[in-house]
There are 2 protein chains.
Amino acid sequence: MDTKTRMIETATKLFQQRGYKAVGLNELLQACGITKGALYHHFPGGKEELLIACLQSLNETLTRDIELLFNSAPSTEIAARAVIGEMIKDLDRDGTIAGYTFSSIVSEMSLLSESARDACRALYEKIESIFYAKLIEDGFSCDRASSVSLFLTASIEGGLLLCRAQNSSIPLQTISNVIPELMKEF
Amino acid sequence: MDTKTRMIETATKLFQQRGYKAVGLNELLQACGITKGALYHHFPGGKEELLIACLQSLNETLTRDIELLFNSAPSTEIAARAVIGEMIKDLDRDGTIAGYTFSSIVSEMSLLSESARDACRALYEKIESIFYAKLIEDGFSCDRASSVSLFLTASIEGGLLLCRAQNSSIPLQTISNVIPELMKEF
DNA sequence: ATAGTAAAACAGACCGGTTGGTATGCCGAA
DNA sequence: TTCGGCATACCAACCGGTCTGTTTTACTAT
């Protein structure tokens, strides 16, 4: 794997787990096994340009992973529960999640960097659009699908925050269990 | 108002808006209108001790504010929508929320400081317990009330993240509109 | 095949500024 | 005169970023 890709993959995990500011440049370089020269060669804009690249890369990998789960699921309900199941698996194994969220980045960068905020917005939009498409496939109306996809995205992100605060995967499990009842309503 | 209280109130807002690491010590002192001497006089443990104090203070004020809204509302549904309404009001007025959330702190501190994580856990627990009590009052079973209170908390927190990413209050408005349909189901 | 060369891919020393934190000094009230 | 409640001066460590220098790669002319 080439250096640039390795940098992005490693940095993405670190940023997702601990946020942007909390990850120092030296720590980042050490984790990637590179030096400053390499970083500023590939990303002249420094740390922030790397962050943007991470968010864009995340957009692609996330889309691929989630779409894979969605394509092999018969309904939005089962697909959503599968996604949450993956998150719970990661959480129980590693004690942290570095695959499906970026809440730390959103909350600290939304006021600081317009481009970072926009990259995050695009990411959420992408996730919602996958939910949306599947909901339409399930026979939901456009309005309903739009509301529900947003609601699902929000409750999963929020559930993850609760998991982090409790240091447990139970909140996400609860949310996963509630989803079927939620979907019936619409 | 005495110095210590002023420090906590000002710092709380800053930490809520931008997270812990992103707020520098000097910026903090300047915003509070104090010096390092005062900070380390009142909080020998420094920045982190101040953060813990902020979270505990937030626990009290948040409880008071939310309980006030809940006491004057006839049902959980209306109460929850009132809480979200307050958030939307803040968001539209200031462009940011500094009253009802602390997601930035959770995500970046949960792995870093056990005591900070625990303070956040207590905060979420308190919020959920208010929802829970009102749901019981509404005639929900214990199990249902427990699930729904968690679900409401999660979706509100998640909705706020989406608002931050989109720089708009629409996600929270959508969630507020979906809640009645959600409550009917249970 | 080989030597020459230019560009890409790094490495690492160095920089000014900022970080959180400490030690000491001052000053009004009790 | 003692003591809480600060202010000021200062510190080492670290920050993200720039700089110059070296190695590796790719291509070409001979």
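Refer to the structure above for everything that follows.
Counting starts from 1 at the beginning of each chain's written sequence and moves along it residue by residue. Chains and ligands are labelled sequentially in the order written, the chains with letters from A and the ligands with numbers from 1. Residue-level local features of this predicted model are given only where pLDDT is at least 70; pairs of side-chain atoms are given and counted only at 80 or more, and the full residue set underlies all totals for whole chains, interfaces and linings. For side-chain calculations, the full set of non-hydrogen atoms in the structure is used, while hydrogens and water are omitted.

1. A look at the interface of chain A and chain B
Here comes step 1: Note on contacts: a residue pair is in contact if any heavy atoms of the two residues lie within 4.5 Å. Between chain A and chain B, the residue contacts involve 43 residues of the former and 43 residues of the latter.
Here comes step 2: Salt bridge, as used here, is a side-chain nitrogen of Lys or Arg placed within 4 Å of a carboxyl oxygen of Asp or Glu. The interface formed by chain A and chain B includes 2 salt bridges.
Here comes step 3: Arg144 of chain A is the salt-bridge partner of Glu181 of chain B, the closest N and O atoms lying 3.5 Å from each other.
Here comes step 4: Whenever two N or O atoms come within 3.5 Å, that pair is a polar contact, provided that in protein one can donate a hydrogen and the other can accept it, and provided that, for residues adjacent in sequence, both atoms are side-chain atoms. Summed over the shared surface of chain A and chain B, the result is 3 residue pairs in polar contact (both at pLDDT 80 or more).
Here comes step 5: Residue assignment for the side of chain A that touches chain B shows that the elements contributing at least two residues are α1 (3-18), α6 (103-109), α7 (114-137), α8 (142-166) and α9 (170-185) of chain A. In DSSP terms, a helix is any run of H or I states spanning at least four residues, a strand is any run of E spanning at least two, and both are numbered starting from the N terminus.

2. Section: the relation of the copies chain A and chain B
Between the two copies of the chain lies a relationship made up of a rotation around an axis and a movement along it.
Here comes step 1: Residues below a pLDDT of 70 in either copy are left out; the C-alpha atoms of the rest, at least 70 in both, set the least-squares superposition of the copies. Superposition record for chain A on chain B: RMSD 0.1 Å, screw rotation 180°, translation along axis 0.0 Å. Interpreted geometrically, this transformation is the action of a two-fold axis.

3. Points about the side chain of Thr153 of chain B
Here comes step 1: With respect to the helices, strands and loops of the structure, Thr153 of chain B is situated in helix α8 (residues 142-166).
Here comes step 2: Polar contacts involving the side chain of Thr153 of chain B include one to the main-chain carbonyl oxygen of Ser149 of chain B, which spans 2.7 Å.
Here comes step 3: When near neighbours in sequence (up to four residues on either side) are disregarded, Thr153 of chain B contacts Leu162 of chain A together with Tyr124, Ile127, Glu128 and Phe131 of chain B.

4. Comments concerning helix α2 (residues 25-32) of chain B
All names here are of chain B.
Here comes step 1: Only protein chains enter the accessibility calculation, which uses a 1.4 Å probe. A residue is then buried if its area is under 20% of the maximum for its type, exposed if over 50%, and partly exposed in between. Of the positions making up α2, those classed as buried are Leu28, Leu29 and Cys32. One side of α2 carries all its buried residues, which in axial view fall inside an arc of 95°. Set apart from the buried face of α2 by more than 90 degrees, the exposed residues are Asn26 and Gln30.
Here comes step 2: At its buried positions, α2 is contacted by α1 (3-18), α3 (36-42) and α4 (46-71). By arc we mean the arc of the directions from the helix axis to the C-beta atoms, nothing more.

5. Notes on the layout of surface pockets
One way to see where empty space is left: roll a probe the size of a water molecule over the atoms.
All names here are of chain B.
Here comes step 1: Estimates place the volume of the largest pocket at around 450 Å³.
Here comes step 2: Lining the largest pocket are 21 residues, and of these Lys13, Gln16, Leu58, Thr61 and Ala98 sit closest to its centre.
Here comes step 3: Broken down by secondary-structure element, the contributors of at least two residues to the lining of the largest pocket are α1, α4 and α5 (76-94).
Here comes step 4: Of all the elements, α1 adds the most residues to the lining of the largest pocket, at 7 residues.
Here comes step 5: Any residue that is not Ala, Val, Leu, Ile, Met, Phe, Trp, Tyr, Cys, Pro, Asp, Glu, Lys or Arg is counted as polar, Gly included; the first ten are nonpolar and the last four charged. Class assignment for the residues of the lining of the largest pocket results in 6 nonpolar, 8 polar and 7 charged. Within this scheme a cavity is a closed region of a 1 Å grid, computed over the protein atoms alone, that accommodates a 1.4 Å probe without allowing it to escape, whereas a pocket is open but has protein on both sides within 12 Å along at least five of seven lines; lining residues each have an atom within 4 Å of a point. Grid points are joined across faces, edges and corners, and a volume is the space filled by probe spheres set on the points.

6. Focus: the protein's contact with DNA strand D
Here comes step 1: The criterion for a residue being near a molecule or strand is simple. One of its heavy atoms has to lie within 4 Å of it. Every one of the 15 residues lining DNA strand D counts as a neighbour, but Leu25, Lys36, Tyr40 and Lys47 of chain A together with Thr35 of chain B are closest to it.
Here comes step 2: Sugar and phosphate atoms represent 54% of those atoms of DNA strand D found within 4 Å of the protein.
Here comes step 3: One of the side-chain N or O atoms of Lys47 of chain A is found 2.9 Å from a phosphate oxygen in DNA strand D.
Here comes step 4: The separation between a phosphate oxygen of DNA strand D and a polar side-chain atom of His42 of chain B is 3.3 Å.
Here comes step 5: For the surface near DNA strand D, the secondary-structure elements that each account for two or more residues are α2 (25-32), α3 (36-42) and α4 (46-71) of chain A together with α3 of chain B.
Here comes step 6: If you tally residues by element for the surface near DNA strand D, the top one is α3 of chain B, at 5 residues.
Here comes step 7: Among the residues making up the surface near DNA strand D, the classes are represented as 4 nonpolar, 8 polar and 3 charged.

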